[in-house]
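Results of the structural survey
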Amino acid sequence: MSHHGVGPRPARSAVMRSVTFLTAGALAVPLLTGCGSDDEGSKPLAGQDVAAAARDAVAEGGTLKWAVDAVPETLNTFQADADAGTTRVAQAVLPSMFTMDATGRAVRDADYLESAKVIETEPRQVVLYKLNQQAVWSDGREIGAADFAAQWRALSGKDSAYWTARNAGYDRIGKIERGANDLEVRVTFERPYADWKSLFSPLYPKEVMGTPDAFNDGARRKLAVTAGPFKVDRVDTAKKDVVLTRNPRWWGRPAKLDEIDLHAVDRDKRASALADGTVDVADIDASEARRITTAAQGNGSGGTPLQGAGKTSAKKLRSWALALGMDREHLPKGPKKLRKSISKWLQEQQELRDVEVRKSLEPAYTQLALNGSEGPLADERVRRAVARALDRQSLAKLVLGPLGLPAVPVGSHLALSGQAAYADSSGSIGSLDTHEAQALLADAGWVAGGPIKAAEKGAGAQTEDGGKKGKGDKDEDSDDGGSDGQYIVGEDDKSPDAPDDKDTRDHQRDHAHGAPGAYAPKGTAVPKGPQAAAAPLAKDGKALSLRFVLPSGPGSETLQEVGERIRQMLAAVGIQSEITKVSDESYFKDHIASGQYDLALYSWPSSAFPATDARPIYAKPVPAADGSLNVEQNYTRVGTDQVDQLFDQALGTLDEDEADGLLRKADSRIWASAGSLPLYQRPQIVGARKDLLNAGAFGFQTPVYQDMGFLKKGAKVSASPSKG
């Protein structure tokens with residue numbers, strides 16, 4: 001999906017930023033609407049789909065070609081421009097003291113860590129790490145306290161010469177020292193820190209962290225010293241490759257693969273890359289998943305316009321291409337080029353029979369954000385009315401149902417189903433109730449029948465309170481030169497730029513800020529609202545009209561479908577909304593981050609450490625010294641002192657059950673303030689060669705790179721969940 005859907009969650013490292021999606025729609029839960037019990041989040045809604053197999057079924061050797069969005073700008077995950085590719089490399093070549101398991105919880109990585117525990121709480125919290133005695137860097141040096149200390153100093157924030165992204169937790173450390181022997185590391189905290197397991201994952205060698213110059217520039221295109229099952233062989237920007245090869249000094253289970261090639265492939269070219277063998281595994285969108293599924297069913301080209309000696313009109317070829325599922329926007333003109341394009345498509349369909357779709361739910365959720373800084377949404381009653389007007393269940397079903405994934409609304413801002421802190425706290429705001437929504441609006445002074453100034457044509461670029469169109473906005477014309485993507489509720493029930501031949505693509509691509517998002521099958525009609533639009537509301541001579549900003553680029557069609565569905569739900573209670581489509585490049589920078597919107601769809605990744613990672617997202621904005629508003633990552637501008645205090649208390653307790661309880665209280669209050677409304681967990685769709693094992697849709701779990709490989713000749717494995 002596009003980045004325009006996921007917001008960069010401020011995390012201890014770019015392992016979270018890589019998911020840095022302001023995901024349209026980005027980042028679940030077996031819950032019921034309303035408050036849930038403590039055991040509702042006992043397991044994820046969907047398991048992994050990776051063609052799991054024992055190592056003895058995996059062949060020795062081979063190269064895995066893995067599609068990524070781009071060659072990473074840096075291999076240092078603690079820098080601001082780190083991305084998903086940076087994380088992928090770090091997971092394969094660097095130590096992590098803790099990783100994520102299949103339920104989204106932090107677990108010790110035994111390859112590096114024999115134990116880690118809090119050994120003292122008074123007068124200071126002390127954590128003792130006992131390292132695996134075999135753990136060494138690729139230059140032969142033991143991993144030890146010097147590496148921990150160098151990383152702490154670099155990330156503590158005390159030396160501005162280090163160009164670091166924000167990494168909470170390191171600033172709470174008072175000292176790091178050697179323990180009873182070289183394999184022990186003592187970390188003493190100046191202030192209690194509940195999320196201490198988030199630190200030193202990944203851990204870089206002191207050669208990278210030891211000086212500002214090494215940190216800032218030494219690990220951008222190379223990592224000379226590593227300590228994972230693989231090492232960085234080279235970064236080839238010309239060929240768009242990052243090549244990882246086996247680490248000969250690796251002490252754990254040996255890697256099955258000889259090499260992993262991370263190859264940059266555009267999202268809309270991944271089905272073709274899978275077909276011709278350019279890549280073996282790739283995150284894909286729903287339209288490409290349909291291609292692969294169709295190919296597996298063996299649908300041929302019998303009786304097609306390409307057969308026979310007679311000429312076939314361009315119109316007939318185009319209609320047939322669309323029936324095949326080809327991309328309407330990229331179809332060439334003229335029968336000769338059309339025939340060539342169709343022939344190539346059919347050839348790829350034959351080749352895609354060796355590929356399958358693996359799917360799960362991504363550790364990220366899509367939310368509706370409500371900008372509470374000004375205008376009608378500054379009134380909590382109006383925000384709560386929006387919440388009560390939404391049928392979150394139907395939105396989840398719209399996105400996840402066609403994929404065969406559990407269509408369950410997300411019930412928490414801070415955790416997803418399966419994680420310890422998860423509980424459905426949506427009861428704090430209440431479920432769908434249009435009558436209650438209208439009562440809230442009336443209480444806020446918005447009534448039907450009042451004088452309303454008519455909106456000028458094209459005036460949707462301006463919010464009710466006079467907010468101007470962001471500098472990245474531009475009109476998005478339809479293929480036939482139609483009107484742009486902006487329209488006003490009640491004027492037309494159809495978006496002006498909706499395709500006229502029902503071939504809307506339903507994929508979402510990752511860009512700089514995002515990861516694949518939510519999809520519905522091609523041709524899925526947008527459901528009609530639960531009732532006809534209510535009479536428009538007004539207050540003090542102004543209509544109740546909200547500016548709804550959505551991305552316009554490739555892969556945003558599903559987001560637009562969800563947005564249109566929400567528009568209809570709001571219209572049913574008298575809330576008008578103007579949908580404005582903006583470029584992907586502008587969506588986050590010029591609109592979400594700058595506050596130039598009333599409503600928007602984007603996503604956040606989930607974290608095993610919500611007290612640390614989620615606090616900046618929901619922190620109460622405070623005035624800065626220059627008079628501006630410091631919002632951190634709280635782009636809705638809605639926050640309370642009480643929520644901040646609950647986060648601080650959760651960070652400061654070393655009782656995990658107490659911390660989870662405090663986080664659930666914070667989540668209830670975040671729901672009640674109605675600044676952001678979680679909708680659904682994002683789908684994770686992967687195309688993979690059928691003989692590729694232990695790779696695919698990982699869900700919560702950190703990939704195990706040394707176990708990946710191809711099926712050994714003569715071995716058999718059970719079918720994946722997607723095929724069952």
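Here we summarise the structure given alongside this text. Just so we're clear, the structure is a prediction, and the values are computed from it rather than from any experiment. (Residues numbered from 1 in each chain as written. Predicted model: local features only at pLDDT ≥ 70, side-chain atom pairs only at ≥ 80, totals over all residues. Heavy atoms only, no water.)

1. Observations regarding the sheet that holds strand β7 (residues 184-189)
Strand order in the open sheet formed by four strands is β4-β5-β7-β6, and the pairing between neighbours is antiparallel. The open sheet has two edge strands, β4 (113-120) and β6 (173-178), and neither has a second partner. The sheet shows a mean angle of 15° between the axes of neighbouring strands, taken without regard to direction. Bridge count between β6 and β7: five bridges; the pairing is antiparallel. Its bridge partner lying in β7, R178 is registered against V185. Across the sheet, helix α3 (residues 145-155) is in contact with β5 (126-131), β6 and β7; its angle to β6 comes to roughly 160°. (Pairing = 2+ DSSP bridges. Helix = DSSP H or I, 4+ residues; strand = E, 2+ residues; numbered from the N terminus. Axes fitted to C-alpha atoms, helices over the stretch in contact; angles between N-to-C directions. Contact = heavy atoms within 4.5 Å.)

2. Here we look at the packing of aromatic side chains
Aromatic rings in a pair are described by how distant their centres are and how their planes are angled relative to each other. This model, assessed by the stated rule, comprises 18 aromatic pairs. For the ring pair F98 and W196, a centre distance of 5.9 Å and an interplane angle of 85° mean the geometry is edge-to-face. Linking F98 in strand β2 (residues 98-100) with W196 in the loop between β7 and α4 (206-209), this pair joins segments that are 98 residues apart in sequence. We note that F98, like W196, is buried. Through pairs of rings, three or more aromatic residues link up here, namely F78, F98, Y129, F148, Y170, W196, F200 and Y204. (Phe/Tyr/Trp six-rings, centres within 6.5 Å; stacked < 30°, edge-to-face > 60°. Buried < 20%, exposed > 50% of the residue type's maximum accessible area, 1.4 Å probe, protein only.)

3. With respect to the nonpolar core
By size, the foremost hydrophobic cluster in this structure holds 105 residues, and its most contacted members are M97, Y129, F200 and Y618. Examining the composition of this core, we find that seven residues originate from one element, α3, more than from any other. For Y129, the residues in contact, after removing those within four places along its chain, are M97, L113, S115, A116, F148, L183, E184, V185, V187, W196 and F200. Counting 63 residues, the second largest nonpolar core, distinct from the first, contains A273, A389, L395 and L550. (Core = buried A, V, L, I, M, F, W, Y, C linked by side-chain atoms within 4.5 Å.)

4. Describing helix α13 (residues 557-571)
With 15 residues, α13 should cover 21 Å at 1.5 Å per step; its first-to-last C-alpha distance of 21 Å lies within 8% of that length. Burial analysis of α13 places 15 of its 15 residues in the buried class, which makes it a mostly covered element. (Expected span 1.5 Å × (residues − 1).)

5. Here's the deal with the packing of helix α7 (residues 286-296) against helix α9 (residues 335-351)
Here α7 crosses α9 at 70°, and the two axes come no closer than 8 Å. Between α7 and α9, the interaxial angle falls into the category roughly perpendicular. Crossing geometry of α7 relative to α9 is assigned as right-handed. Residues R291, T294 and A295 of α7 form the contact with α9, whose own contacting residues are W345, E348 and Q349. (Parallel < 35°, antiparallel > 145°, perpendicular 65-115°, else oblique. Left-handed = near helix turned anticlockwise from the far one by under 90°.)

6. A few points about the sheet that holds strand β15 (residues 537-539)
Judged by pairing direction, the sheet is antiparallel, and its three strands sit side by side in the order β13-β15-β16 without closing on themselves. Each having just a single partner strand, β13 (447-448) and β16 (542-543) make up the two edges of the open sheet. Judged from the two bridges that link them, β15 and β16 form a sheet pairing that is antiparallel. Among the inter-strand pairings, A538 is bridged to a residue of β16, identified as A543.

By themselves, these observations are geometric and do not establish any function.
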